[in-house]
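# Observations on the model geometry
Chain by chain, the residues run as shown.
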Amino acid sequence: MPCVADWLNNPFSIVQGIFAQNVPNSDWEKKVTEYFKEKLKENNATNWVPSLNDVPVHYLKPNSLVKFRCMVQDMFDPEFYMGVYETVDPNTNARVLHFGKYRDVAECGPQQEIDLNSTQTVTSERQTFYCVPVPGESAWSVVVLNPQFYAYISANQARVSPSTSYTPSRHKRSYEEDEDMDLHPSKQKEQHMGNSSGGDIHGCVEPKRLETEASAGHHLISPNCSPPLDLNFPLPGEKGPACLVKVYESWDSFKVNDVLEVYGILSVDPVLSIVNNEERDSSALDPMECMDTAEEQRVRSPPASLVPRIHVILAQKLQHINPLLPACLNEEESKTFVSNFMSELSPVRAELLGFLTHALLGDSLAAEYLILHLISTVYARRDVLPLGKFTVNLSGCPRNSIFTEHIYRIIQQLVPASYRLQMTIENMNHSRFIPHKDYAANRLVSGVLQLASNTSLVVDETQLEQGQLDTTGVHNVTALGNLITWQKVDYDFNYHQMEFPCNINVLITSEGRSLLPSDCQVHLQPQIIPPNMEEYMNSLLTAVLPSVLNKFRIYLSLLRLLDYSISDEVTKAVEEDFVEMRKNDPESITADDLHRTLLVARFLSLSAGQTTLSRERWLRAKQLEALRKARLQQQTCVNGNEL
Amino acid sequence: VPRPASCSGRRFKRRLRACLCLAAQDARSPPSQKRRTDDSTSTGDLQPMPTSPPADVQSPSAPDALFSSPPQFRHSAIPLDFDISSPLTYGTPSSRVEGTPRSGVRGTPVRQRPDLGSVRKARQVDLHSDGPAEDVVATEQSLGQKLVIWGTDVNVASCKEKFQRFLQRFIDPLAKEDEDVGLDLNEPRYMQRLEEINMVGEPFLNVNCDHLRSFDENLYRQLICYPQEVIPTFDMAANEIFFDRYPDSILEHQIQVRPYNALKTRNMRSLNPEDIDQLITISGMVIRSSQLIPEMQEAFFKCQVCAFTTRVEIDRGRIAEPSVCKNCNTTHSMALIHNRSMFSDKQMIKLQESPEDMPAGQTPHTLVLFAHNDLVDKVQPGDRVNVTGIYRAVPMRVNPRVSNVKSVYKTHIDVIHYRKTDAKRLHGVDEETEQKMFTEERVEILKELSKKPDIYERLSSALAPSIYEHEDIKKGILLQLFGGSRKDFTHTGRGNFRAEINILLCGDPGTSKSQLLQYVYNLVPRGQYTSGKGSSAVGLTAYVTKDPETRQLVLQTGALVLSDNGICCIDEFDKMNESTRSVLHEVMEQQTLSIAKAGIICQLNARTSILAAANPIESQWNPKKTTIENIQLPHTLLSRFDLIFLMLDPRDEAYDRRLARHLVSLYYQSAEKMEEEYMDMAVLRDYIAYARSYVNPRLSEEASQALIEAYVDMRKIGSGRGMVSAYPRQLESLIRLAEAHAKVRFSEKVETIDVEEAKRLHREALKQSATDPRTGIVDISILTTGMSATARKRKEELAQALRKLIQSKGKTPALKYQQLFDDLRAQSDTAVTKEMFEEALRALADDDFLTVTGKTVRLL
């Protein structure tokens, strides 16, 4: 076990060292990033860095190195700062150079003054992102992978005892918490630490953290007692640290809704908040300070205790947020991981299919389509057309919400991020789906549809009653429709709209055909009607071994990232097939059908770990489609009024 | 674009050095000198203005005695023919212009320019004070000619001279007639502007930096780099010329020069530390404007004991209240006299990046602007503006008493000039401001592209590549994107001719009509996308609402007005209700929208092309029916579409095969190839934007002949069969299409090949949509009257046959309806349906030949 080094606890000393060595040159900046890059490469050093996702801010040492996995919710204006500045001691006239990078406040000693007019001053530019934890992140994925870290925390922070677990950094719906308890009642924090200290990376996925704060659930019930500062989470009822992330390099490459993992220096200087108060007091006279409204100031410089700052040293976009997978799949080590996993793919698929079949009350066809849906992803866009989206409408769901609720819970257990949208008249009319710009506070106010890529959105239409949609409702439904058809959300900038492409897997559960568009409608045909749905579903989840569950998770995340191609030979075959089909039945086979069958074939091949389309898969895809269509037709016959 | 910080910092450093020098003096200098360091880092550039005409330098200190206020080190050379202690004289260096004895200057006060920062400080330093003299970079100090302003390479005298030469001589070679109404283009442009100032009395001279650049590159560079020094010099120059020419003119204050259209920066995103203190022009949208802020420039203090008065200037936003009266030495006796203090108007404005400039997937940046004096309240939230001003960065102190400083600078722009970019949209004419700026290389590329012989095919295939085939439809849409040339016939009383091309796509569901519409909507900068199902007449046009706060009536514009100069895509056109559709009649021909609502009566421009898609009423296109019968749209509306295309699902094996191959390729093409195609979209967009704004083809002689021939031919075809197959509307369509095709080639002349293509496309569209399903002949009257000529003819024939039949029956007053029908059917050699029979009866009834009552037919 390497001892905790300076670079973790006091990165400024490192930066200062490099800065002092290279000072007249500007390449000290490059050397700093290189140094930290090297350090983080060393044997799992990344695991040593405390993560803001799991550890509350007040347990972290200010000015230490931290990491944060987050989604860019908003981007603020770039700011100019003093990259290098000089201080002067008025008594001795001694001049000292300092670096302003990675700092909010230009430091200087008690006897010193900053020389604003120094010739040495270098002005640089940096960009601030407002980041929130990945919305809808499943409880299981918010897990710290390295147990040693806790030892470090307890040693350094001198925690009284591990059992006084810190406040949970996130809290989702309360039933989820209950369910978590049900699932692994015995597992608790300390145990987790004890168990996993062996270093079994994949075994320690332990979704549960002991909920100590009863008040957390309270927030959901009474929205009125929300904290004074709206942290602007896209989804209602989310908790977690929002963060102002200051980026120093290549900020142009980041986009809103990107998921990032940043390594940087934590800044929670209380001065930052005091600064604002002072500023506001004195603003009466100072015209420079009163240029922002009070709301804007609140948003742009919130109290550091609520919204800490991270000065980024290294930042990378994440391909996926599944902690069970290596972050970057192109590296050598991850390749062996992938090939190992691919070798045992088919039993995992079979098991998953069985599991989902049970969950879908014995309907294996629906389970098959659900797998395809879960590994679908928009892999490209041809002008406006998103390719690879596969919205499934699961019709024929029982009217009571228990079924859909449990389906969602199962999906939640499988994917890293998900959200269940209950489509009720009230919900549609009252919640904000589309993010909009608040010009008074000059920020993008989030909405439910501001989600990171590959989030599973389960739209529960079974609860929709007859009723009147108002303007907001119509807007919301339209936005949802656009999201499904074009995979984009038009953010409302008041004077204009702006299109943000997205990549969200939408699953619609409904009784009849959904009023929302979908790529593919599957009618559920339950084989078993369990007398007690609740019990049935619960037992289903408890029956799955955590290790198997982990395999499912890896399976779904990994297959999404695979490449895919179609050989010329198969292209020919597909052509022939299509022509043949059109000949036989020109009325019912259209280009849309070909589109869909190609999609099904794509995901079917991928789900079996094959990256090219084979003739068999193509036939199988056609067969699946035929089965599905037959079912729909049958359904239309049963109740003829339905389209 | 991030640039190496070190490099960008260097410039900044130099400025800071200047600051340093001044700050050092500050410590011991009297309060009035402190003003010099004012607030910003920019202070540094504004160093001594030592280089004013030598005459000034020679006659310096005489006026000193006249300064009433105590130690104000104003060694300026102003001849004191007016009260120099008046606050109004704190002004730009242009005040020194008055050194030259000119009668006209008298009485025209100088107005200070807070937009240039604290210019006053320039007056505080002159060559005779010891400090700044060292700063002057000069070989011979006595010679003003060699002096430059410290920290810059600006020599005031030569700079002034050059600018005067510019004003006196500049004739814009590129000026267009319509751009400046009332200007003689062959006379120096800015001299005419000065004349205008003399007549109108608005003492502002707007100078287009582009003109300056073409006239004197170096002067332009100086203006951009050192606006704070150069603009006052320009002021000086302009005033000299002005009062020279119009000595008796009386203005509110001296003329202020306002440069605009600085070319260097356009995009908010590209601002970086290097731009600090430079003149920049930036476009954006105003999102918020503050109340008017009266900013104290100078506080007036009066001693309560001895009535001694003193002035204190603002220093970093603070007034240092004198604690001791300098006259009677009483402590804390000075009181602020508000109404004798000096204030200037100021307004904070938030500017947001315009949506066009934003890279995809990022949120817009914002910038703070400060407007001063009469620029206050010139813009409202929602306005699109081009702002020219000086970019500033100011350090933020955590607390003046604590040594810690926030390491961040606050940035803003001091506005010198606004130019609204959308103001003209409602009033028509000028589109110059909307033109996208193209770099020269880009223009080269585009021109190069336009010379390719297959450019038309190339562009049309670049259009929505994911949609398979439908070549002619894509070509039609391409021409629509380019549009015809705008023609103005207002003086002959016909108003504007429509230049926009309207297209209707109809056809089977699932033939990617919506996709095509989405593509177009995404391609054009000012496009709107609506669905006929969800839009109401109000949503398309405009409506009046009452603002809840101000109780003011506000006109809100709908999709059609918003897409003025763009394309309005309307999906599910057939599902639109009757009243909504009726709105389109005016828009599609007159290109305006008239509104009379809640006391607001107005006509808005809606010069929008319409791209609509309609589904057939029977879900599948019925080839046995005409277009009108299939989509059930009124022919009055249909005839307003230049091109009507059918997008049918062809039942054809070869087509299926190609389609399948195309679709399959979609599903595995590599990412790079997609990138390539995406690039194409950007090029296409620029190409269209360039052609739309710069190419205005006119008909050539041959082209006109060809058009006439084409039209005559079209009419001949019809007349041969006793019907009209073309109307003037079709001729106009042809002209528009030909013009658009010429635009595709970047040609200023419409030539025969353009007409040929227009004819072909028009015929192609007609063939699809106006073919009479019974005869197979193209028949324009299907679209213009809703019924094909053959159908009408057959109807007449039947009526005649019926009349003959009845007449043959002799003088019977009444006939049985059913009997007559049977007889007619027996007699006729073609099948006669009941509807046809009834129609014939009705026709005869209209001729007063018979009446039908119930089941009997009576002759009259």
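Residues numbered from 1 in each chain as written. Chains lettered and ligands numbered in written order. Predicted model: local features only at pLDDT ≥ 70, side-chain atom pairs only at ≥ 80, totals over all residues. Heavy atoms only, no water.

An unreviewed UniProt entry annotates chain B as DNA replication licensing factor MCM4 of Aptenodytes patagonicus. You can read under Sequence similarities (unreviewed entry) in the UniProt record for chain B the words "Belongs to the MCM family." (UniProt positions renumbered as here; feature names shortened; annotations may be inferred.)

Going by what an unreviewed UniProt entry lists, chain A is known as Mini-chromosome maintenance complex-binding protein and is assigned to Aptenodytes patagonicus. Listed under Sequence similarities (unreviewed entry) in UniProt, the entry text for chain A is "Belongs to the MCMBP family." The Subcellular location (unreviewed entry) comment attached to chain A in UniProt states, word for word, "Nucleus".

Turning to the overall build of chain A, a few remarks are in order. When its secondary structure is counted, chain A shows 21 helices and 20 strands. The proportion of buried residues among the 643 residues of chain A is 60%. In chain A, of all internal contacts separated by at least 6 residues, the share reaching a separation of at least 24 is 78%. (Helix = DSSP H or I, 4+ residues; strand = E, 2+ residues; numbered from the N terminus. Buried < 20%, exposed > 50% of the residue type's maximum accessible area, 1.4 Å probe, protein only. Contact = heavy atoms within 4.5 Å.)

It is worth spelling out the overall build of chain B at this point. The secondary structure content of chain B amounts to 28 helices and 26 strands. Within chain B, the proportion of its 860 residues that are buried is 55%. If you take every contact in chain B between residues at least 6 apart in sequence, the share linking residues at least 24 apart comes to 67%. Split by element, the accessible area of chain B, about 37,200 Å² in all, is 52% carbon and sulfur. (Areas by Shrake-Rupley, 256 points an atom, 1.4 Å probe, with all protein chains shown as cover.)

Here the focus is helix 3 (residues 28–41) of chain A. Residue and element names in this part refer to chain A. Between its first and last C-alpha atoms helix 3 spans 20 Å; for 14 residues at 1.5 Å apiece the expected length is 20 Å, and the two agree. Among all positions in helix 3, only Trp-28, Val-32, Thr-33, Phe-36, Lys-39 and Leu-40 are buried. Projected down its long axis, helix 3 shows its buried positions confined to an angular sector of 145 degrees, all on one face. For helix 3, exposure combined with an orientation more than 90 degrees from the buried face picks out Lys-30 and Lys-41. (Expected span 1.5 Å × (residues − 1). Arc of directions from axis to C-beta.)

The next point concerns the sheet that holds strand 25 (residues 850–853) of chain B. Residues and elements named next belong to chain B. With respect to topology, three strands assemble into an open sheet ordered 24-26-25, the strand pairing being antiparallel. Across the chains shown, the open sheet's two edge strands, defined by having one partner strand only, are strand 24 (814–816) and strand 25. Strand-to-strand, the axes of this sheet are offset by a mean angle of 25 degrees, without reference to chain direction. As judged from the four bridges shared by strand 25 and strand 26 (residues 856–859), these two strands associate in the antiparallel manner. Residue pairing in the sheet places Thr-851 in a bridge with Arg-858 of strand 26. Packing against the sheet, helix 27 (residues 817–827) makes contact with strand 24 and strand 26, and its axis sits at approximately 75 degrees to strand 24. (Pairing = 2+ DSSP bridges. Axes fitted to C-alpha atoms, helices over the stretch in contact; angles between N-to-C directions.)

Residue and element names in this part refer to chain B. A large share of strand 21 (residues 643–647) lies buried, amounting to five of its five residues. Burial of strand 21 is two-sided: the residues Leu-643, Phe-645 and Met-647 facing one way and the residues Ile-644 and Leu-646 facing the other way are all buried. Looking at chain direction, strand 13 (residues 503–507) and strand 21 are connected through five bridges and run parallel. Bridge pairing in strand 21 places Leu-504 opposite Ile-644.

This part covers the pattern of salt bridges. All names here are of chain A. On inspection of all chains with the given rule, the structure shows 30 salt bridges over all chains. Here Glu-29 makes a salt bridge to Lys-101, at a shortest N to O gap of 3.2 Å. Of this pair, Glu-29 sits in helix 3 while Lys-101 is found in the loop between strand 3 (95–99) and strand 4 (105–106), placing the two residues 72 residues apart along the sequence. Glu-368 is paired through a salt bridge with Arg-620; the nearest N and O atoms lie 3.5 Å apart. Residue Glu-368 is located in helix 13 (residues 364–374), and its partner Arg-620 is located in helix 21 (residues 615–638); the two are separated by 252 residues in the primary sequence. A relative accessible area of 5% places Glu-368 in the buried class. (Salt bridge = Lys/Arg side-chain N within 4 Å of Asp/Glu carboxyl O.)

If you look at the biggest cluster of nonpolar residues, it comprises 80 residues, and the most contacted ones within it are A:Phe355 and A:Leu414. Per-element tally for this core: the top contributor is helix 20 (residues 591–607) of chain A, with nine residues. If we skip the residues at most four places from it in the chain, A:Phe355 touches A:Ile410, A:Leu414, A:Leu540, A:Leu541, A:Val544 and A:Phe552. Core analysis: the next-biggest nonpolar cluster, separate from the first, contains 58 residues, B:Ile473, B:Met647, B:Ala710 and B:Val755 among them. (Core = buried A, V, L, I, M, F, W, Y, C linked by side-chain atoms within 4.5 Å.)

Here the focus is the state of the cysteines. This model, assessed by the stated rule, comprises zero disulfides over all chains. Not engaged in a disulfide, the cysteine A:Cys70 finds its nearest cysteine sulfur in A:Cys131; these two sulfurs lie 3.7 Å apart. No disulfide involves B:Cys325; its nearest neighbouring cysteine sulfur is the one of B:Cys328, lying 3.5 Å away. (Disulfide = S-S within 2.5 Å.)

This part covers the side chain of A:Thr404. Residues and elements named next belong to chain A. Along the chain, Thr-404 falls in helix 14 (residues 401–414). With relative accessibility at 2%, the residue Thr-404 sits in the buried group. At 2.9 Å, the side chain of Thr-404 forms a polar contact with the side chain of Asp-460. In this view, Thr-404 contacts Cys-397, Arg-420, Asp-460, Thr-462 and Thr-509; residues no more than four positions away in its chain are not counted. (Polar contact = N/O pair within 3.5 Å; in protein donor to acceptor, adjacent residues only side chain to side chain.)

All names here are of chain B. Here Ala-814 shows up in strand 24. Residue Ala-814 is classed as partly exposed on the basis of its relative accessible area, which comes to 33%. For the pair Ala-814 and Arg-858, spaced 44 residues apart in sequence, the C-alpha separation works out to 4.3 Å. Excluding residues within four positions of it along the chain, Ala-814 makes contact with Val-857 and Arg-858.

With that settled, consider the packing of helix 6 (residues 156–169) of chain B against helix 10 (residues 227–245) of chain B. All names here are of chain B. In the contact formed by helix 6 and helix 10, the axes pass within 9 Å of each other and the chain directions differ by 55 degrees. It follows that helix 6 is oblique to helix 10 by the angle criterion. Note that helix 6 runs across helix 10; the crossing there is right-handed. Judged by residue contacts, Val-156, Cys-159, Lys-160, Phe-163, Gln-164, Leu-167 and Gln-168 of helix 6 engage Val-230, Thr-233, Phe-234, Met-236, Ala-237, Ala-238, Glu-240 and Ile-241 from helix 10. Residues belonging to the contact of helix 6 with helix 10 are distributed by class as follows: ten nonpolar, three polar and two charged. (Parallel < 35°, antiparallel > 145°, perpendicular 65-115°, else oblique. Left-handed = near helix turned anticlockwise from the far one by under 90°. Nonpolar A, V, L, I, M, F, W, Y, C, P; charged D, E, K, R; others polar.)

Further remarks concern the packing of helix 13 (residues 471–482) of chain B against helix 14 (residues 513–523) of chain B. Residues and elements named next belong to chain B. Viewed as axis vectors pointing N to C, helix 13 and helix 14 meet at an angle of 25 degrees, and their least axial separation amounts to 12 Å. By the angle class used here, helix 13 and helix 14 are roughly parallel. The crossing of helix 13 and helix 14 is right-handed. Counted together, Ile-473, Ile-477 and Leu-481 of helix 13 and Leu-516, Val-520 and Leu-523 of helix 14 form the full contact between these two elements. Here the residues of the contact of helix 13 with helix 14 sort into six nonpolar, no polar and no charged.

Before going further, it helps to examine the sheet that holds strand 20 (residues 520–523) of chain A. Residues and elements named next belong to chain A. Read across the open sheet, the five strands follow the order 13-16-19-12-20; overall the sheet is parallel. Among the strands making up the open sheet, the edge pair consists of strand 13 (418–422) and strand 20. Averaged over all pairs of adjacent strands, the angle between their axes in this sheet comes to 20 degrees, without regard to strand direction. When strand 13 meets strand 16 (residues 455–460), the two strands line up parallel, connected through five bridges. When the bridges of strand 16 are listed, Arg-420 appears paired with Val-458. Along the sheet face, helix 16 (residues 471–486) touches strand 13, strand 16 and strand 19 (504–509) and points at about 120 degrees away from the line of strand 19.

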